[in-house]
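Overview (structure and organization)
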Amino acid sequence: MYKVDLPVDQSIKKDVERRRSAETARKARIFNTRLRVMGLDLNALNQQVQEKKHKQSMERQRDKAFDKLRECHDEILLQQDIDEREKRAALHTDLTQYWATHQRVEDSRDADLKCGLKGAFRITIPEGELGPASMQIFAGEAIGEEQMRREQMRKTARDLQAQKEDNARRCMGNKHREMLVSRELVHQDLRGVQQAALEEECKTAARIALDNYNQALSAERAERLKEQQRREEREDLAEVWHTLTSDMMTECAEAAEREVGGGKPPRILIDRWKGMSPEQLSAIHEEREAQLLQRQRQRDAEKIQDAAWNLQLLKLSREAEEEEMRAAELRRQRRIQMDQYNMQLAREQQAYQEYLDKKLYTNEPTKEYFHQFNTSSR
């Protein structure tokens, strides 16, 4: 016969490997002290992960909010800077206008030196008697000064005229805007008045309709009440007539009984019954006396039984009191013995302490005894 190499079944090998890996994992799980003793709480770990994610998201949201707040503050600061620059420019313009209007060169104290000596103080001393320090005008100093002053005056006049025109245009624009605003306010007031009038008319119409509806309801209710009152009066009259003509008012004894047949006693009509007969009353009295006698017998028996129970309870209570007294006496004797034993122990302890203090520990160490130690390196 020939030898044939059969293929090995891989499923058995995989099963063996799977069992070996499972056994290895089980050993690692069992012999791991941390997992075996402390355990692993997956729910707590998942909760911690969720809390950390929530905290990170909250921090991101907070950073975004801070960034938005920072941008807002930057915009506010930029707007404040722009407003400050505009205020400075407006202040500089007003200051320049004030200088040109109220602080002119012609109105200064040294105008005689800068504006051709107009209005200056004239010296009456002869020029031959004055020295070099009294010289005010030199040769060639005032050439073209009059023409330059006229040009400056014309330029100042043009600037003032331009400023006046600008102010006039600004005032006209402000007046025009105020007029438009006032016109819009008047239109709004008119619309408000018209709307209020329309609302008042609607309220008046609704109130009139409601009053008419309420009047119709009240008339209908009054008519219904009258009809109900008339119906009740008719019913009351019919009931009174029926009561007056009924067997109850006529006191008919046969009206309270109704034959049912079959040898049964007649049926009593409760609403027409006038009372019991003397035979029925005597039977009821006899039955009641028998019940009273039976009740008295039961009470006598209950009294005898209660007396017996009370006697038994009294006997048991006396026995319990005697037992309690014996237990109390026994506890007292034990307490006395315990006190005597404790006193004996106290005396023995005191005697032993006196022996230790007065006989055993009488030689107390002096300073020289302690000073003899630690005097060298050995």
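In the nomenclature of an unreviewed UniProt entry, the protein corresponds to RIB43A-like with coiled-coils protein 1 from the organism Lates calcarifer. According to the UniProt record, the Subunit (unreviewed entry) comment for the protein reads "Microtubule inner protein component of sperm flagellar doublet microtubules."

A closer look at the overall build of the protein
Per the secondary structure count, the protein includes eight helices and two strands. Each helix (α) and strand (β) of the protein, taken in turn from the N terminus, gives the series α-α-α-α-α-α-β-β-α-α. In the protein, buried positions account for 3% of the 378 residues. Look at the contacts in the protein between residues 6 or more apart in sequence, and 27% of them connect residues 24 or more apart.

Some details on the UniProt feature "coiled-coil region" (unreviewed entry) in the protein
Per the UniProt annotation, the sites labelled "coiled-coil region" (unreviewed entry) are residues 143-170, 210-239 and 311-358. In residues 210-239, helix accounts for 100% and strand for 0%; the two terminal C-alpha atoms are 42 Å from one another.

Things to note about a negative patch on the surface
On the surface, a cluster of negative charge is made up of Glu 232, Glu 233, Glu 235, Asp 236 and Glu 239. As for its position among the elements, Glu 235 is in helix α5 (residues 145-244).

Quick word on the pattern of salt bridges
Inspection of every chain in the model, using the stated rule, returns 15 salt bridges. With a closest N to O distance of 2.7 Å, Glu 227 and Arg 230 form a salt bridge. Residue Glu 227 and its partner Arg 230 are located together in helix α5, separated by three residues, close to a single helical turn. For Arg 230, a relative accessible area of 37% corresponds to the partly exposed category. Residues joined in a network through salt bridges with shared partners are Asp 15, Arg 18 and Arg 19.

Some remarks on the environment of Gln 97
With respect to the secondary-structure elements, Gln 97 resides in helix α3 (residues 42-102). Not counting chain neighbours up to four residues away, the residues in contact with Gln 97 comprise Gln 163 and Asn 167.

Some words on a nonpolar patch on the surface
The grouping of Tyr 352, Tyr 355, Leu 360 and Tyr 361 at the surface amounts to a nonpolar patch, some 480 Å² of accessible area in total. For Tyr 361, a relative accessible area of 56% gives the class exposed.

Details of the confidence of the model for the protein
Summing up the model confidence of the protein, the mean pLDDT is 80 and the portion of residues at 70 or higher is 76%. Low pLDDT, under 50, characterises residues 117-121; the predicted model gives this stretch seven contacts beyond four residues in sequence or across chains.

Calculation criteria
- Residues numbered from 1 in each chain as written.
- Predicted model: local features only at pLDDT ≥ 70, side-chain atom pairs only at ≥ 80, totals over all residues.
- Heavy atoms only, no water.
- UniProt positions renumbered as here; feature names shortened; annotations may be inferred.
- Helix = DSSP H or I, 4+ residues; strand = E, 2+ residues; numbered from the N terminus.
- Buried < 20%, exposed > 50% of the residue type's maximum accessible area, 1.4 Å probe, protein only.
- Contact = heavy atoms within 4.5 Å.
- Patch = residues over 30% accessible without salt bridge, like charges linked within 9 Å, V, L, I, M, F, W, Y side chains within 5 Å.
- Areas by Shrake-Rupley, 256 points an atom, 1.4 Å probe, with all protein chains shown as cover.
- Salt bridge = Lys/Arg side-chain N within 4 Å of Asp/Glu carboxyl O.
- Lys, Arg positive; Asp, Glu negative; His and termini not counted.
- Charge placed at Lys NZ, Arg CZ, Asp CG, Glu CD.
- pLDDT = per-residue confidence, 0-100.

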